[in-house]
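# Analysis of the macromolecular model
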Amino acid sequence: MTVGARRCLALGDPPGRPYRRDNNLMPRTITAQNLQALIDALVGAGIRVVGPKRVDTLCLYAPLANGEELELNEQPRRSAKEAFFPPCEEILSFERQGANTSVRDPDLSRLPATVLIGLRPCDAAAPEILDAVFSWDYQDDFFLERRRKTTIVGIACTRADDACFCTAVGLAPDCRDGSDLFLIPLEGGGYAAEALTDKGAALLERHAELFTQAESAPRLPLAEPRAAELDLTKIKAWLDGHFESPFWREIAAHCIGCGACAFLCPACHCFDIVDEGSEAKGCRRKSWDACGFGKFTLHASAHNPRDAQANRYRNRIMHKFKYYHDKFGRTLCTGCGRCIRACPVGIDLAAVLEDINNNG
Amino acid sequence: MNQTAQKTESAPLVDETYYAAVTEAIRAEAARLLKEGAVAAVIGYVPGRRPGTALPAVVTTPERAAELIFSPACRNNLSLYLTKAKQDAVPKGKLAIVVKGCDLRALAGLLGESQIKRENLHIIGIACAGVFAANADQGLPLNETTIAKKCRECTVRLPAEVDFTAGALPKLPRLTPVEAEELARLEALTPAERWAFWKEQFSRCIRCLACRQVCPFCFCAQCLCDRNRPQAVENSVRPAGNLSWHIVRAMHLAGRCAGCAECERVCPMDIPLNLLNRKMAEELKERFDYEASLSPREKGPLTSYQEDDDESFIK
């Protein structure tokens, strides 16, 4: 398999990247100890650092209190999208006083500058894919302001499991897409560090004393996902012609309609807006939503255009591998494998794509 | 890698011939039923793409019966597919269903709540050695480390009153309870400590509702928690809404929950939901001498009214 092939990009160039890239910066090295020191220094300087952290039995992206909390050996159960698109956020609040109602917007300038660290390529690439949808006809300041204020430190992936399939969707264990600074694990515990954007360079320069010039040890072997190679153009062509197909029932009639796949996905971005509170005082909240939910497309008339669960699952595939591509020229999947690991009824997205690829 | 279970040298609890025998028996029975036209479909398990995994399948032809398997990865409680909430997943008519002992308790509950009719079912019971825990490495055999907590305390390995039993129960070592100990540990905490524990657990909840969707008893056409005019439970992923949701879930299942622990298995945030279910079951046992069993009963203590019911709690 050609690791690093960019088939998704070959289908059409992505929309404008938000940051200028400068690949001429010298590679540096940082020891594991100094990586922790970097986090300590950032936290000490009042910068919010978010990274994979152990929480009970699992690993989640969470604000780090110090460098020791950084857990790089396990893929966080939830993706890094929540750093830009939280599970729930208030988008306005209202209060009635006598005959007047006052409406207040949240003060987005108060969102903190953040360093988001320890993202494997499947997580690091996703926010950039989502820029397209959050800045298309409407500028979603909630998402975009966080994007502007966040520096992403990605890390090359050295361990894949049998659910990983980044290579099948055009990414790779050393894909730099979306990273401002990129770390490559070295033998003995250090990391080669590459600044890829102005933000990454600034971070590196501000803490230059923690980095050395040359690479001190060989690079660790990259992960090798065992996913089958997919022809995304062929898959899209099949999807173009098979909105109606018995295939959907075959693979997804047993889907139970939960939101686990969508909520863990780094690229799923649907949300619901609800007013909560009372008529006198309350707020409007934006929360994650999932096309697998039976009520996702339920109309007020009681009509539901996606009336069967298989049709809802079809939408998940269509959105990721056809609609998003039609609209933005990109695939809405980074092959992180979370949906596969989490599906309560064993629906395997990689197997579904393989099926279409081989038999479509 | 997500697997948190440690690779272990722990010995397999049963040998491979056991699974081969159970699988063979299921296939033969399913093929016979489908060939004779005795059932419209067999609800069972088939292997997944990833080695060691399995998923639910609705098999409608004798040829496909050869794909059916039983392995430690066959964790789903398939009785879910008999409920009205999942009716578009199965054909109409008589259905055969593969069940483990723990799943059979759910079937009994659904029969009791008039959701299914016994004469429309052909029950293929598994002589069950146990299944994998939620985060177990499914590449390993079933052993002391990979087995589900519920299986460590199982009392229904050999389901009775089924139409067909697949396999014979192998000799199994006694396993020490884990969940009972965890519950006892929680019971020993002060209310404030217990509150802190659950607050922390629920803070991870993302309201994906996998716990609800996988539950055989969450078959309501209109879940209270989906209502928005007026809103009964806050839908947003926030502490108040999360807490309300989990309390409503636990209370609505009290006296109905069959203990299959599927809600806990499928929780992507590893919230130990079965501790709540189990605590409710203990309360029901203590206060009403009632427990979910293998025989269908029409009404549980929280859904029936008698004139001499204790009302002293109404102040």
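Here the structure is a predicted model, which means the values were calculated and not measured.

### Focus: the overall build of chain B
Tallying secondary structure elements over chain B gives nine helices and five strands in all. Element order for chain B, N to C, with α for helix and β for strand: α-β-β-β-α-β-α-β-α-α-α-α-α-α. Taking 315 residues into account, the globule formula puts the C-alpha radius of gyration at 20 Å, and chain B, at 20 Å, falls close to it. For chain B, the spread of C-alpha atoms along the principal axes amounts to about 60 × 45 × 35 Å. Relative to its 315 residues, chain B shows a buried fraction of 50%. Of the contacts made within chain B by residues no fewer than 6 positions apart, 72% connect residues no fewer than 24 positions apart. When the accessible surface of chain B is summed, it comes to about 14900 Å², and 53% of that surface belongs to carbon and sulfur atoms.

### Describing the overall build of chain A
Each helix and strand in chain A was counted, giving 11 helices and 11 strands. For the C-alpha atoms alone, the extent of chain A along its principal axes is close to 65 × 65 × 40 Å. Burial statistics for chain A: of 360 residues in total, 58% are counted as buried. Once local pairs closer than 6 in sequence are excluded, the contacts in chain A between residues at least 24 apart make up 73%. When the accessible area of chain A is evaluated, it comes to approximately 14900 Å², of which 50% is carbon and sulfur surface. Measuring between centres, the 44 positive side-chain charges of chain A sit 2 Å from its 48 negative side-chain charges.

### A look at the domain arrangement of chain B
Reports often express the size of an interface as the amount of accessible area lost when the parts come together. Residue and element names in this part refer to chain B. Split by domain assignment, chain B resolves into domain 1 (16–166) and domain 2 (179–288). The C-alpha centroid of domain 2 is placed 25 Å from the C-alpha centroid of domain 1. Contacts between the two partners involve 21 residues from domain 1, matched on the other side by 19 residues from domain 2. Summed over both partners, the interface of domain 1 with domain 2 buries about 1700 Å², with 53% contributed by carbon and sulfur atoms. Looking only at domain 1, the three residues that lose the most surface to domain 2 are Glu113, Lys149 and Glu153, adding up to 26% of its buried area.

### Details of a negative patch on the surface
On the surface, a cluster of negative charge is contributed by Glu307, Asp308, Asp309, Asp310 and Glu311 of chain B. Among the structural elements, Glu311 of chain B can be located in the segment after helix H9 (273–288).

### Observations concerning the side chain of Lys286 of chain A
Residues and elements named next belong to chain A. Mapped onto the elements of the fold, Lys286 is located in strand E11 (residues 281–288). Only 3.1 Å separates the side chain of Lys286 from the side chain of Asp140, close enough to count as a polar contact. Non-local contacts of Lys286, meaning those with residues more than four positions away in its chain, are made with Phe85, Pro87, Cys88, Glu89, Ile91, Asp140, Phe142, Phe271, Asp272 and Ile273.

### Regarding the packing of helix H6 (residues 232–241) of chain A against helix H11 (residues 349–359) of chain A
Residue and element names in this part refer to chain A. Between H6 and H11, the shortest axis-to-axis distance is 9 Å and the interhelical angle comes to 85 degrees. One finds that H6 runs roughly perpendicular with respect to H11. Between H6 and H11, the contacting residues are Lys234, Ile235, Trp238 and Leu239 on the first element and Leu353, Ile356 and Asn357 on the second. Residue composition of the contact of H6 with H11, by class: five nonpolar, one polar and one charged.

### Remarks on the side chain of Glu29 of chain B
All names here are of chain B. Structurally, the position occupied by Glu29 is in helix H1 (residues 16–36). Note on Glu29: relative accessible area 5%, which makes it buried. In contact with Glu29, not counting residues within four places along its chain, are His122, Ile124 and Phe164.

### Notes on H11 of chain A
All names here are of chain A. When H11 is considered as a whole, its buried residues turn out to be Leu349, Ala350, Val352, Leu353, Ile356 and Asn357. Relative to the axis of H11, the buried residues are bounded by an arc of 160 degrees and lie together on one face. Buried residues along H11 sit in contact with H6, helix H7 (246–252), helix H9 (309–328) and helix H10 (338–342). The N-cap of H11, judged by a side-chain oxygen 3.0 Å from the amide nitrogen of Ala350 a few residues on, is Asp348.

### Examining the sheet that holds strand E10 (residues 271–277) of chain A
All names here are of chain A. Strand order in this open sheet of four strands is E5-E4-E11-E10, and the pairing throughout is antiparallel. In this open sheet, the two strands that pair with only one neighbour each are strand E5 (100–104) and E10. On average, adjacent strands in this sheet sit at an angle of 20 degrees to one another, irrespective of strand direction. Relative to E5, strand E4 (residues 88–97) runs antiparallel, the two sharing five bridges. In the strand pairing of E5, Ser93 is matched with Arg104.

### Structural notes on the sheet that holds strand E3 (residues 95–99) of chain B
Residues and elements named next belong to chain B. Within the open sheet, the five strands sit side by side as E2-E1-E3-E4-E5. Their pairing is mixed. Since the sheet does not close on itself, it has two edges, and those belong to strand E2 (54–59) and strand E5 (164–166), each with one partner. Recorded for the sheet is a direction-independent mean angle of 30 degrees between the axes of neighbouring strands. Sheet topology note: the strand E4 (residues 121–126)/E5 ladder contains three bridges and is parallel. Bridge assignment links Ile124 to a residue of E5, and that residue is Phe164. Across the face of the sheet, H1 comes into contact with strand E1 (41–47), E2, E3, E4 and E5 while running at roughly 170 degrees to E4.

### Focus on the packing of aromatic side chains
Residues and elements named next belong to chain A. Inspection of the entire model under this criterion finds 16 aromatic pairs over all chains. Ring plane angle 70 degrees and centroid distance 5.3 Å describe the contact between Phe247 and Trp248, whose orientation is recorded as edge-to-face. Comparing Phe247 with Trp248, the two get one shared label, buried. Aromatic ring contacts, followed pair by pair, group Phe84, Phe85, Phe134, Phe143, Phe263, Phe271, Trp288 and Phe293 into a single cluster. One Lys or Arg, Lys286, reaches over the ring of Phe271 and ends 4.9 Å from the middle of that ring.

### Some thoughts on the interface of chain B and chain A
Contacts between the two partners involve 40 residues from chain B, matched on the other side by 46 residues from chain A. At the boundary of chain B with chain A, total buried surface from both sides reaches about 3700 Å², with 51% on carbon and sulfur atoms. If you look at where chain B meets chain A, you find six salt bridges. Among the salt bridges present, the one from Asp226 of chain B reaches Lys295 of chain A, with a minimum N-O distance of 3.7 Å. One can count 21 residue pairs in polar contact (both at pLDDT 80 or more) joining chain B with chain A. Here the side of chain B that touches chain A is composed, by residue class, of 17 nonpolar, 11 polar and 12 charged.

### As for the nonpolar core
In terms of nonpolar packing, the biggest core is built from 161 residues, with Phe165 and Leu349 of chain A touching the most fellow members. Looking at this core, the element that brings in the most residues is H1 of chain B, giving nine residues. Counting contributing residues, this core receives three or more from each of domain 1 (16–166) and domain 2 (179–288) of chain B. Sequence-distant contacts of Leu349 of chain A, that is, excluding residues within four places in its chain, are made with Phe165, Tyr313, Ile317, Phe321, Cys333, Cys339 and Ile340 of chain A. Counting residues in each nonpolar core, the second largest holds 22 residues, with Leu42, Leu64, Val153 and Ala201 of chain A among its members.

Calculation notes
Residues numbered from 1 in each chain as written. Chains lettered and ligands numbered in written order. Predicted model: local features only at pLDDT ≥ 70, side-chain atom pairs only at ≥ 80, totals over all residues. Heavy atoms only, no water. Helix = DSSP H or I, 4+ residues; strand = E, 2+ residues; numbered from the N terminus. Rg over C-alpha atoms; globule rule 2.2 N^0.38 Å. Buried < 20%, exposed > 50% of the residue type's maximum accessible area, 1.4 Å probe, protein only. Contact = heavy atoms within 4.5 Å. Areas by Shrake-Rupley, 256 points an atom, 1.4 Å probe, with all protein chains shown as cover. Lys, Arg positive; Asp, Glu negative; His and termini not counted. Charge placed at Lys NZ, Arg CZ, Asp CG, Glu CD. Domains from an automatic or database assignment. Buried area = accessible area lost by both parts, 1.4 Å probe. Patch = residues over 30% accessible without salt bridge, like charges linked within 9 Å, V, L, I, M, F, W, Y side chains within 5 Å. Salt bridge = Lys/Arg side-chain N within 4 Å of Asp/Glu carboxyl O. Polar contact = N/O pair within 3.5 Å; in protein donor to acceptor, adjacent residues only side chain to side chain. Axes fitted to C-alpha atoms, helices over the stretch in contact; angles between N-to-C directions. Parallel < 35°, antiparallel > 145°, perpendicular 65-115°, else oblique. Nonpolar A, V, L, I, M, F, W, Y, C, P; charged D, E, K, R; others polar. Arc of directions from axis to C-beta. Pairing = 2+ DSSP bridges. Phe/Tyr/Trp six-rings, centres within 6.5 Å; stacked < 30°, edge-to-face > 60°. Lys NZ or Arg CZ within 6 Å of the ring centre and 35° of its normal. Core = buried A, V, L, I, M, F, W, Y, C linked by side-chain atoms within 4.5 Å.

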